[in-house]
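Given next are the chains, with one letter for each unit.
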Amino acid sequence: MLKELKELWGFRELLYVMVQRELRIRYKNSILGIFWSFLNPVVQVGVMTLVFGRILNIGVPSYSAYILASYLPFMFIQFCVLDSAQSVLASLPLIKKIYFPREILPLATVISNFIHLLIGFGVFFMFLLITFLRHPQVNPFQIGTLMLPALLLVSLMMAIGLGFLVSALNTFYEDVKYVAGIAMYLLFFLSPVMYFTEQVAATGANVESGNWLFRIYHLNPLAVLCTAYRKALLAPVDVPIRGAEVSPPVDLNPLYYVWLVVFSFGTMIFGYWFFNRVKWKFVERP
Amino acid sequence: MNKTMIEMKGVRKTFLLSKSGIASIKTLLLWWKRRELAKLDVLKGVDLSVRQGECVAVIGKNGAGKSTLLSLLARIYKPSDGEVTIHGRVAPLLELGAGFHPDLSGLENIYFNGVILGLTREQIQARLPQIVEFSELGDHIGAPVRTYSSGMQARLGFSVAVHVDAEILIVDEVLAVGDYNFERKCFAKIDEFRKAGGTILLVSHQLELVKKIADRVVWLKNGIVVQDGSADEVVAAYLAEDPANN
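What counts and what doesn't
- Residues numbered from 1 in each chain as written.
- Chains lettered and ligands numbered in written order.
- Predicted model: local features only at pLDDT ≥ 70, side-chain atom pairs only at ≥ 80, totals over all residues.
- Heavy atoms only, no water.
- Helix = DSSP H or I, 4+ residues; strand = E, 2+ residues; numbered from the N terminus.
- Buried < 20%, exposed > 50% of the residue type's maximum accessible area, 1.4 Å probe, protein only.
- Areas by Shrake-Rupley, 256 points an atom, 1.4 Å probe, with all protein chains shown as cover.
- Phe/Tyr/Trp six-rings, centres within 6.5 Å; stacked < 30°, edge-to-face > 60°.
- Contact = heavy atoms within 4.5 Å.
- Pairing = 2+ DSSP bridges.
- Axes fitted to C-alpha atoms, helices over the stretch in contact; angles between N-to-C directions.
- Polar contact = N/O pair within 3.5 Å; in protein donor to acceptor, adjacent residues only side chain to side chain.
- Core = buried A, V, L, I, M, F, W, Y, C linked by side-chain atoms within 4.5 Å.
- Expected span 1.5 Å × (residues − 1).
- Arc of directions from axis to C-beta.
- Disulfide = S-S within 2.5 Å.
- Left-handed = near helix turned anticlockwise from the far one by under 90°.
- Nonpolar A, V, L, I, M, F, W, Y, C, P; charged D, E, K, R; others polar.
- Parallel < 35°, antiparallel > 145°, perpendicular 65-115°, else oblique.

Considering the overall build of chain B
Point 1. Secondary structure assignment for chain B yields 8 helices and 9 strands.
Point 2. Each of the 246 residues in chain B was classed as buried or not, and the buried ones make up 50%.
Point 3. Per element, the accessible surface of chain B, about 11,900 Å² overall, is 50% carbon and sulfur.

Looking at unusual backbone geometry
Residues and elements named next belong to chain B.
Point 1. Positive phi is not limited to glycine here, since Glu-136 has a value of about 60°.
Point 2. Positionally, Glu-136 belongs in the loop between α4 (121-135) and α5 (150-162).
Point 3. On the basis of relative accessible area, Glu-136 is assigned to the partly exposed category, the value being 42%.
Point 4. In this model, Asn-222 sits at a positive phi of 45°, which is unusual for a non-glycine residue.
Point 5. Along the chain, Asn-222 falls in the loop between β8 (216-221) and β9 (224-230).

Examining the packing of aromatic side chains
Residue and element names in this part refer to chain A.
Point 1. Tallying each qualifying case throughout the model produces 22 aromatic pairs over all chains.
Point 2. Measuring from ring centre to ring centre gives 5.4 Å for Tyr-185 and Phe-189, while their planes differ by 75°; the resulting arrangement is edge-to-face. On the criterion of helical spacing, the pair formed by Tyr-185 and Phe-189 is a turn pair, its members being 4 residues apart in helix α8 (residues 176-189).
Point 3. Pairing Phe-270 with Trp-273 gives two aromatic rings, centres 5.7 Å apart and planes at 35°, and the pair type is tilted. You can see Phe-270 and its partner Trp-273 sitting in helix α13 (residues 254-278), 3 residues apart, about one turn around the helix.

Some points on helix α3 (residues 106-116) of chain B
Along an α-helix, a turn takes 3.6 residues, which lines up residues three or four apart on a common side.
Point 1. Of all 11 residues making up α3(B), 10 are buried, and the element is well covered by its neighbours.
Point 2. Here α3(B) has its buried residues at Gly106(B), Glu108(B), Asn109(B), Ile110(B), Tyr111(B), Phe112(B), Asn113(B), Gly114(B), Val115(B) and Ile116(B).
Point 3. Looking at the buried positions of α3(B), the neighbouring elements they touch are α2 (12-26) and α5 (92-95) of chain A together with α4 and α5 of chain B.
Point 4. The first or second residue beyond α3(B) is Gly118(B), which carries a positive phi of 105°.

Details of the sheet that holds strand β5 (residues 90-93) of chain B
All names here are of chain B.
Point 1. Read across the sheet, 6 strands follow the order β5-β6-β7-β3-β8-β9 without closing on themselves; strand pairing throughout is mixed. The open sheet terminates on both sides in strands that have one partner only, identified here as β5 and β9. Here the average twist between neighbouring strands, direction ignored, is 15°.
Point 2. Against the sheet, helix α6 (residues 180-195) makes contact with β3 (55-59), β6 (168-172) and β7 (199-203), and its axis sits at roughly 140° relative to β7, the strand it touches most.

A short note on the side chain of Thr171(A)
Point 1. Assignment of secondary structure puts Thr171(A) in helix α7 (residues 148-172).
Point 2. For Thr171(A), the side chain forms a polar contact with the main-chain oxygen of Ser167(A), separated by 2.6 Å.

Considerations on the side chain of Asn113(A)
Point 1. Along the chain, the position of Asn113(A) falls in helix α6 (residues 104-134).
Point 2. When sequence neighbours within four positions are dropped, the list of residues in contact with Asn113(A) reads Arg26(A), Phe76(A), Phe79(A), Cys80(A) and Asp83(A).

Side note on the nonpolar core
Soluble globular proteins: nonpolar side chains tend toward being buried together.
Point 1. Of all hydrophobic cores here, the largest spans 168 residues; its most connected members are Leu14(A), Phe76(A), Ile77(A), Phe100(A), Phe124(A), Ile59(B) and Ile110(B).
Point 2. Of the residues forming this core, the biggest block, 17 residues, is contributed by helix α4 (residues 63-90) of chain A.
Point 3. Residues in contact with Ile77(A), not counting those within four places in the same chain, are Ser155(A), Met158(A), Ala159(A), Leu162(A), Met184(A), Leu222(A) and Leu225(A).

Some words on helix α3 (residues 35-55) of chain A
All names here are of chain A.
Point 1. Under the 1.5 Å per step criterion, the end-to-end length of α3 is 29 Å for 21 residues, consistent within 8% with the ideal 30 Å.
Point 2. Every buried residue belonging to α3 is among Ser-37, Pro-41, Val-45, Met-48 and Phe-52, and all of these are buried. With its buried residues spanning 75° around the axis, α3 presents them on a single face. Along α3, the residues that are exposed and aim more than 90 degrees away from the buried face are Arg-54 and Ile-55.
Point 3. Next to the buried residues of α3 lie α4 and α6.

A closer look at the state of the cysteines
Point 1. By the definition in use, this model includes 0 disulfides over all chains.
Point 2. The thiol sulfur of Cys186(B) is not disulfide-bonded, and the nearest other cysteine sulfur, from Cys55(B), lies at 14 Å.

What about the packing of α7(A) against α13(A)?
Residues and elements named next belong to chain A.
Point 1. Where α7 meets α13, the closest approach of the two axes is 7 Å, and the angle between their N-to-C directions is 35°. As for how α7 packs across α13, the hand of that crossing is left-handed.
Point 2. Classifying every residue of the contact of α7 with α13 by side-chain character gives 20 nonpolar, 5 polar and no charged.

Digging into the pairing of β9(B)
All names here are of chain B.
Point 1. Here β8 pairs with β9 via 6 bridges, running antiparallel. When the bridges of β9 are listed, Trp-219 appears paired with Gln-227.
Point 2. Hairpin connection from β8 to β9: 2 residues lie between these consecutive antiparallel strands, with Asn-222 at a positive phi of about 45°.

A few points about the packing of α2(A) against α6(A)
To describe two helices that pack against each other, one gives the angle between their axes and the distance between the axes.
Residues and elements named next belong to chain A.
Point 1. Contact geometry of α2 with α6 gives a least axis separation of 9 Å together with a crossing angle of 55°. If you check the angle between α2 and α6, you find them oblique. As for the relative orientation of α2 and α6, their crossing is right-handed in sense. Every residue of α6 that contacts α2 at Leu-14, Leu-15, Met-18, Val-19, Glu-22, Leu-23 and Arg-26 is listed here: Ile-104, Leu-105, Leu-107, Ala-108, Thr-109, Ile-111, Ser-112, Asn-113, Ile-115 and His-116.

Topic: the environment of Tyr178(A)
Point 1. Within the secondary structure, Tyr178(A) is located in helix α8.
Point 2. Each C-alpha atom of the pair Tyr178(A) and Val262(A) lies 27 Å from the other, and the pair is 84 residues apart in sequence.

Pasting the structure below:
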């Protein structure tokens, strides 16, 4: 694996150009071009503010910020998984004609999505600033924001690992992308994106099970990831549970974060190993 | 001088062909015990060595394994058995324009292709005028490649490949795409490349062309080297076996 890493380093220039190409092609034939990368998160912020601030009115101040803090990383992982499913297949004509380390294909997909995640968080912080100007009691900058680079790194490792696995598997079995699509759809509801982890803890079923459901729920690393972003970037907040009651903010057990880091790092290493094992078979798939 | 650039020792290549066609998890689960995978031996132990400055042509009928041989040298495949050793940078011309993205402009594609072939962006920047001039694309270089004719794509692809300072050029039947003038220009460039000490391995069905530019010809038949010698000798033997080969 070290030999492959060394070779990959030799081709870093190609990776750079590939990422550039992905970013360009995405909006190549559109009038607004790269501006779409900004517009997408802006529209998301607008819709969420409207729905959760005005229509549903949950009672949590700047609820949409709490949604977005989890929504952005979740979408990043989702796009990485779904896009990288096609990354090797779409370039099959190319890799049948010319050699370069095949790892570059899913890596370029993940990195271009990562750039979109960074843009998304840029918009996110602008939104926090605007909220702060309108409601000075909402502090836009938490001490936990310093953890953002670490969180981004963990997300990137997870995305790279999943990208390697999905792109390699989908090249041989094209059902994988449908399985991945369904899995991501389910995980969206099984992760605290549209709700809070405190609400999971307070469900009757969880209390009856002696908090076991809560533990099992957090075996899903995406659930931990979503909560990690939320806790780091935003002020702790009381969450309405069971109708009229309110739950104080609950900190996650540090073990869950350890699990998240171990999972992400492990997936990256395993994905890279697996990809390298099968990459020579891509062009020969029966 | 005259060091070995390409060395193939006992190279075999076997492909697995699935009879059912589409690979899917369903077929994997349903048929995992009786999957029908036909084995196809394309190369059955090929030895070949090419020294620096040589121009070697591979001839043979369709299905003899010529393209597989070139693909192995271009590192598209790994040999099933045996060893392939290459000393020096390879520019494969397996299909002109294969590495182009239709939505990007000619200019952007030059960068993309050049980087795949191992140049840095600065190096490409430095050669850009030569590449554009050789391709004769003029103002079209800024237009998306999907608007190009096949001849224009071929010119651009060849132009990039000969300007990356490769030591070995691997050519698969691609020079027949451009018009007469461009073909002549390509051959002039190939001559220049060889005078500078470059090594060429090519596949062609045009026996006259092979006799003209190759020093040595390798006749491949059903995955085995039948004859390896001077161009006139091998081409004559090849024609003698079956006059229809011409």
